[in-house]
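Letter by letter, the chains look like this.
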Amino acid sequence: MPLPLNSSPPQNQFPSNIQKLRFQTTTVSWRLRRTIVFRGALAPLGLWVGLVLTLATGGRASDRPAGQISGEQTGTISGRVSNRATNAYLEGAEVVLSTSGMSTFTSRDGRYAFPRVPVGTHALSISYAGLDRQTVSTTVDAGRIAVQDVSLTSLVYRLAAVVVPGDREGNASAITQQRNASNVKNVLSSDTFGNVADENIGNLLQRVPGVAGAVEEGQVVYIKIRGVAPDLNSVTVDGVRAPSGGTRAGLNRSFEISTIPADFVDKIEVIKAPTPNMDADSIGGSVNLKTKSALNHKGRLFTFRVGNSYATARKTFRPMGSFMYSDILGKNQNLGVMVTGNYNWQSNARDVNFGAWEPTLATDRPAYFTLTNAGEDYFETKRGGLGVRLDYRISENSTVYLNLMYSLNHDRLFRRRNVFSGASASTILPGWTEFVVDTRNQTYGMQQLDRWRGAKTMNLRFGGEQKFSGATLDYDFNFAPSKGYEKRTNLTPQVVGVGFRFDRRPLMDDPAAATFQQINGPDITNPANMTFGALSFTDDQKEDRMFGGQANLRKDLTVQTQTYLQTGFRFRNQMPKLVSRPVAYAYVGPAGAQLARFIDRYYTYQPAALRGSMPSVRFFHVPTVVNEWQTKPEYFTTNEATTLRQRLVADRNASESVYAAYFSGHTKLDALSILAGLRVEETRVDGTGTFQAVSTVEKTRRAAWVGPVTLEENLRRTQAEYGNRVTNTARYQNVFPGLHFRYEFRRGLQARASYSTGIGRPSFDTIIPNNSASDTNQTVTVNNTSLKPQRSDNFDFSLEYYVNPAGVVSAGVFQKKIRNFIFAADKGVVGPGVENGFNGEYAGYLLRSQSNGGSALIRGLEVNYQQQFSNLPGFWRGFGFFANATWLQTRGDYGTAGVSVTEVVGFVPRSGNWGLTYIDYGWTLRVQENFTGRALNAVNANRALQLYDYGKRKVDVSVSYRINPKFTVFVDVINVLGDELGLSPYVYIPGRARGADRFSPEVKSGISARF
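On a predicted model such as this, the values are computed, not experimentally measured, just so you know.

A. Molecular detail of the pattern of salt bridges. Counted under the stated rule, the structure contains 57 salt bridges. A salt bridge links R241 to D279; its shortest N-O distance comes to 3.6 Å. With R241 in strand β13 (residues 240–241) and D279 in the loop between β14 (265–271) and β15 (286–291), this pair connects stretches of sequence that are 38 residues apart. In terms of burial, R241 and D279 fall into one category: buried. Its salt-bridge partner being D450, residue R416 comes within 3.2 Å of it at the nearest N-O pair. Separated by 34 residues along the polypeptide, R416 in strand β20 (residues 398–420) and D450 in strand β22 (residues 442–468) bring together distant segments of the chain. Relative accessible area serves as the criterion here: at 9%, R416 is assigned to the buried category. The network of salt bridges with common partners includes R241, R253, D279, D281, R570, R572, E656, R679, E681 and R761.

B. Seen up close, the environment of T710. One can find T710 in the loop between α8 (696–703) and α9 (711–722). A residue is classified by how much of its surface remains accessible, and T710, at 36% relative accessible area, is partly exposed. A polar contact is formed between the side chain of T710 and the backbone nitrogen of E713, at a distance of 3.1 Å.

C. How the structure looks around the sheet that holds β14. Across the sheet, five strands lie side by side as β9-β14-β15-β12-β13; this open sheet has mixed pairing. On the outer flanks of this sheet lie β9 (185–189) and β13, each paired with one strand and no other. Strand direction decides the pairing type here: β9 and β14, joined by five bridges, are antiparallel. Bridge pairing in β14 places N186 opposite V270.

D. Unusual backbone geometry, seen in detail. Unusually for a residue other than glycine, N441 sits at a positive phi of about 55 degrees. Taking the relative accessible area as the measure of exposure, N441 reaches 54% and is therefore exposed. For D670, which is not glycine, the phi dihedral falls at a positive 60 degrees.

E. Region of interest: the nonpolar core. Of all hydrophobic cores here, the largest spans 36 residues; its most connected members are L371, F500, F532 and F620. Among the elements of the structure, β19 (369–395), β22, β24 (494–503), β26 (534–558), β28 (583–587) and α6 (622–631) are those that each provide at least two residues to this core. Looking at which element gives the most residues to this core, the answer is β24, with four residues. In contact with F620, not counting residues within four places along its chain, are Q448, L491, P493, M530, F532, L595, F598, I599, D600 and V625. The next biggest cluster of nonpolar side chains, apart from the first, holds 22 residues, and it includes I225, V237, I268 and M405.

F. Seen up close, the packing of aromatic side chains. Counted according to the given criterion, the structure contains 39 aromatic pairs. Ring plane angle 80 degrees and centroid distance 5.5 Å describe the contact between F967 and F1011, whose orientation is recorded as edge-to-face. With F967 in strand β47 (residues 967–974) and F1011 in the segment after β50 (1002–1010), this residue pair connects regions lying 44 residues apart in the sequence. Put simply, the rings of F420, Y444, F500, F502 and F516 pair up and form one aromatic cluster. Above the ring of Y89, the side-chain terminus of R80 is found at 3.8 Å from the ring centroid. Above the ring of F814, the side-chain terminus of R226 is found at 3.8 Å from the ring centroid.

G. Main features of a nonpolar patch on the surface. There is a patch of nonpolar side chains on the surface, built from L872, F875, W876, Y921, W923, L925, V959, Y961, I963 and V969 and spanning about 950 Å² of accessible area. When residues of the nonpolar patch are traced back to their parent elements, those giving at least two are β43 (923–932) and β46 (952–962). On the secondary structure map, F875 appears in the loop between β40 (855–868) and β41 (879–893).

H. Structural detail: the pairing of β28. The side-chain alternation of β28 yields one buried face, formed by V583, Y585 and Y587, and one unburied face, formed by A584 and A586. Judged from the two bridges that link them, β28 and strand β29 (residues 636–637) form a sheet pairing that is antiparallel. In the sheet register, A586 faces β29, and the bridge partner there is T637.

I. Main features of the pairing of strand β42 (residues 910–920). Most of β42 is tucked away: eight of the eleven residues are buried. When β41 meets β42, the two strands line up antiparallel, connected through nine bridges. Paired with A883 across the strands is W914, a residue of β42. Here β42 pairs with β43 via ten bridges, running antiparallel. The residue of β43 that forms the bridge with D920 is W923.

J. Structural view of α6. Of all the residues in α6, the buried ones are V622, V625, V626 and E628. Angular distribution of buried residues about the axis of α6 spans 155 degrees; they occupy a single face of the element. Exposed and oriented more than 90 degrees from the buried face of α6 are Q630 and T631.

K. Structural view of the side chain of S286. In this structure, S286 sits in strand β15. A distance of 3.0 Å separates a polar atom in the side chain of S286 from a polar atom in the side chain of S234. In this structure, S286 is in contact with I225, S234, T236, E269, V270 and I271, ignoring residues within four places of it in sequence.

L. Region of the structure containing the packing of helix α7 (residues 640–650) against α9. One can describe the packing of α7 onto α9 by two numbers: an axis separation of 9 Å at closest approach and a directional angle of 20 degrees. The orientation of α7 relative to α9 falls into the category roughly parallel. α9 is crossed by α7, and the crossing has right-handed handedness. Residue-level inspection shows E640, A641, L644, R645, L648 and V649 of α7 in contact with α9, the latter providing L711, N714, L715, T718, Q719 and Y722. Tallied by class, residues from the contact of α7 with α9 come to seven nonpolar, three polar and two charged.

About the thresholds
- Residues numbered from 1 in each chain as written.
- Predicted model: local features only at pLDDT ≥ 70, side-chain atom pairs only at ≥ 80, totals over all residues.
- Heavy atoms only, no water.
- Salt bridge = Lys/Arg side-chain N within 4 Å of Asp/Glu carboxyl O.
- Helix = DSSP H or I, 4+ residues; strand = E, 2+ residues; numbered from the N terminus.
- Buried < 20%, exposed > 50% of the residue type's maximum accessible area, 1.4 Å probe, protein only.
- Polar contact = N/O pair within 3.5 Å; in protein donor to acceptor, adjacent residues only side chain to side chain.
- Pairing = 2+ DSSP bridges.
- Core = buried A, V, L, I, M, F, W, Y, C linked by side-chain atoms within 4.5 Å.
- Contact = heavy atoms within 4.5 Å.
- Phe/Tyr/Trp six-rings, centres within 6.5 Å; stacked < 30°, edge-to-face > 60°.
- Lys NZ or Arg CZ within 6 Å of the ring centre and 35° of its normal.
- Patch = residues over 30% accessible without salt bridge, like charges linked within 9 Å, V, L, I, M, F, W, Y side chains within 5 Å.
- Areas by Shrake-Rupley, 256 points an atom, 1.4 Å probe, with all protein chains shown as cover.
- Arc of directions from axis to C-beta.
- Axes fitted to C-alpha atoms, helices over the stretch in contact; angles between N-to-C directions.
- Parallel < 35°, antiparallel > 145°, perpendicular 65-115°, else oblique.
- Left-handed = near helix turned anticlockwise from the far one by under 90°.
- Nonpolar A, V, L, I, M, F, W, Y, C, P; charged D, E, K, R; others polar.

Shown next as C-alpha cells:
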C-alpha cells in the first residue's frame, strides 16, 4: 500500500542504474529458510497425491451403493432442495437428519446427501433464509438410495397473486451463503439491489460494507477494499484470476471491474479473510464473481430486457438490451445449457471547471482564485458480451462443465476545454478581490482531445467434479486472453499575451467555478492571433494472457461432526505486454489568418455554469486537421530520433508464474466451527524492457564521428542507446497460515474470529529497468527492480445476527498490519555532467524511485443492517431496508524512527450506503444512496498546495411495474441529483474548492420479460 511521500526513504534499497536483479542464496540462514519453504510447498502436494492414489485404488468399491461395501445395513438419503415459487434450486439450505443430529448444506445445484444412514424411517428438517422450515419423512432400505426432493415456500408467496424472482430471492440466497461461510465475507446476488446501472458490477460492489469504488470519468473502474489500493486487491471469476487488457492501468495489477458484464454474474463474494484454498495476493480483499448455470433452475427459462438510456445533458437516446436462455436437456435431464448476452450503449457529458488558489497558508485574509481550465468532455461508451455454459452430469457422482465468456468494451472521449496558464504575482493585476481577479500576459489554449479506447476479453474454462466415498475432487483448466487499445489525437492551438477577468460572483453557489472574460491582449476568437504548435498521436496496445489449472480434494472424515480435510494445488501464468507508439508533429504550414480553415463552426456547446457568459471560442475541427496531416505531410515535421526513443522505452512485457499448494482442515464441535490451514506459494516473474546505456564501443564510435550528425546517424545512436533489451528475473517463496473460528451462540446469532495472511506483489512495471522523466515536474523516475513483495497479517472479529425472514445485523472490527509496503521516494537531485547516470541529461531534476520500507497499520469498523419485512401484515410486508457504514483509520512510517504518517493518498476513511425498497401489488420502488468521505488526493511539500477530495454521494431511484407474470416495465434514474461523480478536490482548506466533474442524471427505461 503506497503511503504519501514526506520523509526520508530506507537506505540501500535502490540499485545502481545498470544493475540486474538477482536473488542469490549467499548465507546459511537463507539456504535453510529456502529449504524449509520448498519442503513446505511439497508437503501438501505430496499429501494430495497420496490421497488421490488411495481413492483411485478404492474407486471401484466406492462406486457401489452405500450399505454393500462392508455388509452394513445402511443406505443413502439424497435429493435436491428448490424454491417452489420460482423453481430455482437453493444453495446453502441446511438439511438436518433429525434422528442422528447430522446436518449438511446443499450445493450450488441444490443437492444434498447423507451416506451410511441406518435402515428405517428418518425425518429431515430443511431450512433456508426467507422460506418456511419444512420437515419430511423418508424410508431407507439397505444398500439403496432414498431420493427425497423438497420444495420450500413461504407465507409471502402464498399471499401474493403472482410471483417473479427478484430482490427477495437474491437477498435470501446471498444471506444464506454468507451465514454458512467459514470465513469473513459478504455475499450478494446480482439482483439484490435491482438493475445494475450500465451493466457495471462496480456500481453494485460499492454498496458492500468496506468497499469503495475508484471512479474515473464517471464510471466505477476499480475497487478499493478496506481502504487498500486497487492493485492490492484481486478479482476472480469462479475462483480463477481474470486478465485485464485495458490500457488505463498500464502494467500494474489493478483490474478493471467494469470489463465484466453484470449479466454473466449470479453471485458476488467479497472475501475479506481468505482461506488457504484461495490465492494469497489480496492484501485488501478479493472479489469472486460466480457465473450463472442452467443447473440452478428447473427446466427451461428465457428472459430478456430491452430499453434505452437517455442522457439529460445532451438529450440523446441510446439502446440497451440483454437476454438469458437456460434449459435442461437430454433423456435423463443431465445436460444444462445456458446462453447469455448483453449490449449497453450510453452517452453522457461532464461539465468541467478547475482553478488554482493563491498558494498561501493564510486563512485570515482572502486568497485569489483563477481558472485553469473549463469546458466539456463528451463520452460514448459501449459494452457487450456473450456467454455460453454447458454442464453435463455423467452420473450422480460425476459432473463436467465448459464455460465460455466473451466481452467487448469501447469508449470514446471528445474533449473541448479552455485552458489558462497558471497565474502568479506577475500576471495578476492590482485590486483583486476574493471574487474578482484580473490578469495579463497569460497563455490561452483550446485543448482538444479525441480518444478511442477499448478492450476485448475471452475466458475459456473447463472443469468438473468427481465424488468418491466420503470425498470430492474438483478440477479446472482455464485460458483467458485479453487485448486492449487506446488511440489519441491531441492538439492545443494557443493565443499568447492575453488577460482575463475571472468572476466568481455569478456562480456563488459553486465556489470552484468562475466566468471568464477577455480584458486585454489579442482577440482569442480571431484565428489570425492563434498559433498551432503541435499535433500528437498515441497508439497504445496492451495484451494480457492468463492460463492455469487447479485441483482440490476434500475428504469427509465424520459426517456427524462435519469434519473434513482439504488439499490441493494451483498453477497460474500471466503474461502482460504493453506497446506504445507515440509521435508528435510540429506544424510548419500556413499560419495566421489561414488557420481559419481548421475552425469547427458547428461546435457551440458551453458548460451549464458558463452558459451565456463564455466567449464565442473557436475550437479546431480535429478530423480536418488530421486530413491535412495525411494529404499534406510537408506541413508537419517530427523529431524522428525522439519518436524512436519513446517507442523503444515504451515496449515492455512480463511473465509471471505462481505455483501454490495448500492443506486445511475443518471441524465442527457443537456450536464451534474451526477452519485452519497453510498455503505455500512460489513466484517466478520475468520482465523485459529497454535499458538506457552507452557502451564503450558506442562511445568510441561517437567520438570518432566527423562533421554534423545526420538523421541516419542520430537514429542509429538512439537505437544503440535505447534499444538494449534486458530481462530481469525474481524468485521468491511465501508461507501463508490461516485460522478461522465461527461460534453460534444460538440459532441466528454467531461470532467470527479470523487470522489470515496476504501478499502484495510489486507491479510488473517495477521489475523492468526503465527511466521516465517529467519536464513539468522536474523529476526522473527510475524503477527499483529489487522490490520485495508486501506482506500483511490480518485479524478480524465480527458479530452477526440473522433475523427472519431474510435479514442480518452485523458489526465487525479488523486490523491489517502491512510490512515492506511499497512507496515512491525521492533519492536526491541528479548531478551535472555526462557521468550523472543519464548521459548528461536531467541535471537538477529530482531523482525518484520505489522503495520497500517501514510498516503500515489499517484498523476499521464495519456495521451492516439488511432486512426484508415480508413477515409483517398488510401494506408493511412490502418494505425492505439496508444500511451500512465503514470507518477506517491508518498510520504508518517509512522505517525512519519518530516519523509517522496518518494520511494516505487515495485512502477513503469513511464510506456507507442506505436504501429503501417497496415490493408489492406489482410495484417495485427503490431509492439508494452511496457516499464516501473526504480523502487525501495528492501530497505536496508545500502544505498550501496539499490536495484533498470532498466527500461524494450518488442517489439512484428506480421504479418498475409487473404487468403480468411475464412482463415488467421499468424506469431507473441514475445520479438523480446530478452529484459530482469524479474529481472534486479542494486545496489546503475545504473553503478553497479547486474544481469538479459534473455529470447530469441518466434515465434508463424499458421492458423485461420472463418465460
